[in-house]
Amino acid sequence: MSVQLIVDARLSDPNCRAQARQRVVNGLLSPLATVPPTYLYDALGARLFTAITELPEYYLTRTESALLEQCVSQITEMASGISSLVDLGAGDCKKGARLLRRLQPPHYLAVDVSAECLLEAASGLARDVPNTAITAFVTDFASGLRWPDGVCCERPLFFYPGSSIGNFSPEEARTLLRSLSDLCQQATTRGGLLLIGVDLVKPAHLLQAAYDDALGLTACFNLNVLRHLNTLLGADFDVRQFRHRAVVDTRHSRVEMSLVSRRHQVVHWPGGQRRFSEGEAIVTEHSHKYTREAVDSLLRSSGFEPRVQWTDDHGHYLLCLAEALC
Ligand code: AVJ
């Protein structure tokens with residue numbers, strides 16, 4: 001079966017693009033400068049992140065993948081009646097593929113903001129699962145997912161791995177998850193599922209090492225956002241004049257990643273500029289960490305009932321299968 005590609009019209013609409021650009025500029029101009037973390041993932045950024053997942057310090061990906069291997073049979077059993085596997089932030093579809101081969105559902109919907117490798121990856125899967133219809137859907141689902149035109153997934157299994165949910169504040173996370181449980185309500189046959197991976201609260205030194213690794217890959221990943229902004233906005237960030245910083249903020253239960261100005265400097269782009277004093281930071285990412293209880297209450301307040309939770313022996317990472325409440 002061939003792969004159907006659907007691109008959300010909002011992504012190519014000039015008005016929407018101008019608005020997105022304006023949001024980036026507003027973030028740079030706000031008193032505490034910020035850049036939305038999605039901009040970390042241009043083509044090079046995505047490769048740098050893949051490299052990070054192979055670092056000994058970055059336990060997240062490895063731990064999640066081992067957990068998934070352990071519980072895939074149980075998941076397959078519990079998700080036997082689903083109509084669609086909805087892979088959120090599918091990227092190269094590697095994680096989704098493992099579930100897909102086991103589940104062999106009637107439909108696979110791979111969703112990502114970047115078309116870059118999505119279509120190719122989704123097409124590559126078509127041979128492995130000949131009885132599954134595959135749709136590649138390019139859209140930004142950060143503030144809520146909507147089905148693409150003409151597609152409605154009757155009884156979906158949402159797959160949201162990688163602790164990507166951690167990039168949102170708890171309130172934003174609730175809004176996103178709520179949009180997923182709402183989609184389950186729309187369906188005529190009830191009983192949508194969510195399989196989500198979440199990084200757990202742990203001693204600060206482990207988080208510090210994971211987000212400021214010895215090789216400096218995370219520093220490259222973080223600094224690369226400035227190159228991306230140069231291309232995107234036509235800005236003149238001098239990458240050498242900023243340094244990577246990762247701070248474990250136990251009060252907010254998150255790691256804050258930022259870029260600190262090494263000296264007083266002015267950065268320009270067409271139509272604007274921003275002055276940075278020495279030591280002033282641009283926040284590029286928050287990575288929220290949850291307790292098991294906090295995951296439960298996040299899910300419950302978003303219209304899901306947690307069914308099974310799996311954690312590794314160290315209690316570093318959590319996979320949870322939850323059911324949408326009707
Ligand atoms: C892909 C968002 C889960 O927060 O751990 C890796 C990204 N940032 N190193 C994370 C990331 C710094 C990652 N997520």
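**Notes on the overall build of the protein**
Phase 1: Scanning the protein from terminus to terminus reveals 10 helices and 14 strands.
Phase 2: On C-alpha atoms alone, the protein measures out to a radius of gyration of 20 Å, which is about the 20 Å that the 2.2 N^0.38 rule sets for 326 residues.
Phase 3: Viewed in the frame of its principal axes, the protein has a C-alpha envelope of about 60 × 45 × 35 Å.
Phase 4: For the protein, the residues scored as buried account for 53% of the 326 residues in total.
Phase 5: In the protein, 69% of the contacts between residues at least 6 apart in sequence involve partners at least 24 apart.
Phase 6: Accessible surface, the protein: about 14900 Å² in total, of which carbon and sulfur atoms supply 52%.

**Some words on the site of the ligand**
Phase 1: The environment of the ligand is made up of 13 residues, and the closest members are Tyr58, Gly162, Tyr211, Glu285 and Ser287.
Phase 2: Glu285 places a polar side-chain atom, nitrogen or oxygen, 2.7 Å from a nitrogen atom of the ligand.
Phase 3: Contributions of two or more residues to the shell around the ligand are made by helix H9 (217-233) and strand E12 (281-288).
Phase 4: In the shell around the ligand, the residues fall into 7 nonpolar, 5 polar and 1 charged.

**Observations concerning the sheet that holds E12**
Neighbouring strands of a sheet are bound in pairs by backbone hydrogen bonds; such pairs are parallel or else antiparallel.
Phase 1: Ordered in space as E2-E12-E9-E8, the 4 strands form an open sheet in which the pairing is mixed. Two strands lie at the open edges of the sheet, namely strand E2 (33-34) and strand E8 (242-249), each paired on one side alone.
Phase 2: Sitting on the sheet, helix H8 (residues 204-211) is in contact with E8, strand E9 (254-261) and E12, with an inclination near 155 degrees to E8.

**Quick word on helix H7 (residues 170-186)**
Phase 1: End to end, H7 covers 25 Å across 17 residues, agreeing with the expected 24 Å (1.5 Å per residue, within 8%).
Phase 2: Every buried residue of H7 is accounted for by Ala173, Leu176, Leu177, Ser179, Leu180, Ser181, Leu183 and Cys184.
Phase 3: Residues of H7 that are buried in the fold lie against strand E3 (84-88), strand E6 (156-160), strand E7 (193-199), helix H10 (292-300), strand E13 (304-311) and strand E14 (317-324).

**Quick word on the pattern of salt bridges**
Phase 1: Evaluated as defined, the whole model comprises 11 salt bridges.
Phase 2: Here Arg101 makes a salt bridge to Asp128, at a shortest N to O gap of 2.9 Å. Of this pair, Arg101 sits in helix H5 (residues 94-103) while Asp128 is found in the loop between helix H6 (118-126) and strand E5 (133-138), placing the two residues 27 residues apart along the sequence.
Phase 3: Arg101 gets classed as partly exposed once you look at its relative accessible area, which sits at 42%.
Phase 4: A salt bridge links Lys289 to Asp199, with the shortest nitrogen-to-oxygen separation between them at 2.7 Å. Here the residue Lys289 occupies a position in the loop between E12 and H10, and Asp199 occupies one in strand E7, the gap between them amounting to 90 residues. When sorted by exposure, Lys289 lands in the same class as Asp199, which is buried.
Phase 5: Through salt bridges that share partners, Asp199, Lys202 and Lys289 make up one connected network.

**A look at the packing of helix H3 (residues 43-52) against H9**
Phase 1: Packing of H3 against H9 leaves a shortest axis separation of 9 Å and a crossing angle of 170 degrees. With respect to their mutual orientation, H3 and H9 come out roughly antiparallel. Contacts between H3 and H9 involve Leu44, Gly45, Leu48, Phe49, Ala51 and Ile52 from the former and Leu217, Thr218, Cys220, Phe221, Asn224 and Arg227 from the latter.
Phase 2: Counted by class, the contact of H3 with H9 contains 8 nonpolar, 3 polar and 1 charged residues.

**Let's talk about H5**
Phase 1: Within the sequence span of H5, burial applies to Gly96, Ala97, Leu99, Leu100 and Leu103.
Phase 2: Its buried side turned inward, H5 meets helix H4 (59-78), E3, strand E4 (107-112), H6, E6 and E7.
Phase 3: Directly after H5, the chain includes Gln104, whose backbone phi takes a positive value near 45 degrees.

**Focus: the pairing of E5**
Phase 1: With 5 of its 6 residues buried, E5 lies for the most part within the structure.
Phase 2: With 5 bridges joining them, strand E1 (residues 3-7) and E5 adopt parallel strand pairing. Bridge pairing in E5 links Ile6 to Phe137.
Phase 3: In terms of strand pairing, E4 meets E5 through 6 bridges, oriented parallel. Opposite Leu109, over in E5, you have Thr135 as the bridge partner.
Phase 4: Read as a crossover between parallel neighbours, the route from E4 over H6 to E5 is right-handed.

Here is what the cut-offs are and how they apply
Residues numbered from 1 in each chain as written. Predicted model: local features only at pLDDT ≥ 70, side-chain atom pairs only at ≥ 80, totals over all residues. Heavy atoms only, no water. Helix = DSSP H or I, 4+ residues; strand = E, 2+ residues; numbered from the N terminus. Rg over C-alpha atoms; globule rule 2.2 N^0.38 Å. Buried < 20%, exposed > 50% of the residue type's maximum accessible area, 1.4 Å probe, protein only. Contact = heavy atoms within 4.5 Å. Areas by Shrake-Rupley, 256 points an atom, 1.4 Å probe, with all protein chains shown as cover. Near = heavy atom within 4 Å. Polar contact = N/O pair within 3.5 Å; in protein donor to acceptor, adjacent residues only side chain to side chain. Nonpolar A, V, L, I, M, F, W, Y, C, P; charged D, E, K, R; others polar. Pairing = 2+ DSSP bridges. Axes fitted to C-alpha atoms, helices over the stretch in contact; angles between N-to-C directions. Expected span 1.5 Å × (residues − 1). Salt bridge = Lys/Arg side-chain N within 4 Å of Asp/Glu carboxyl O. Parallel < 35°, antiparallel > 145°, perpendicular 65-115°, else oblique. Right-handed = clockwise from strand over helix to strand, strands pointing away.

As far as function goes, none of this settles anything; it's purely spatial.
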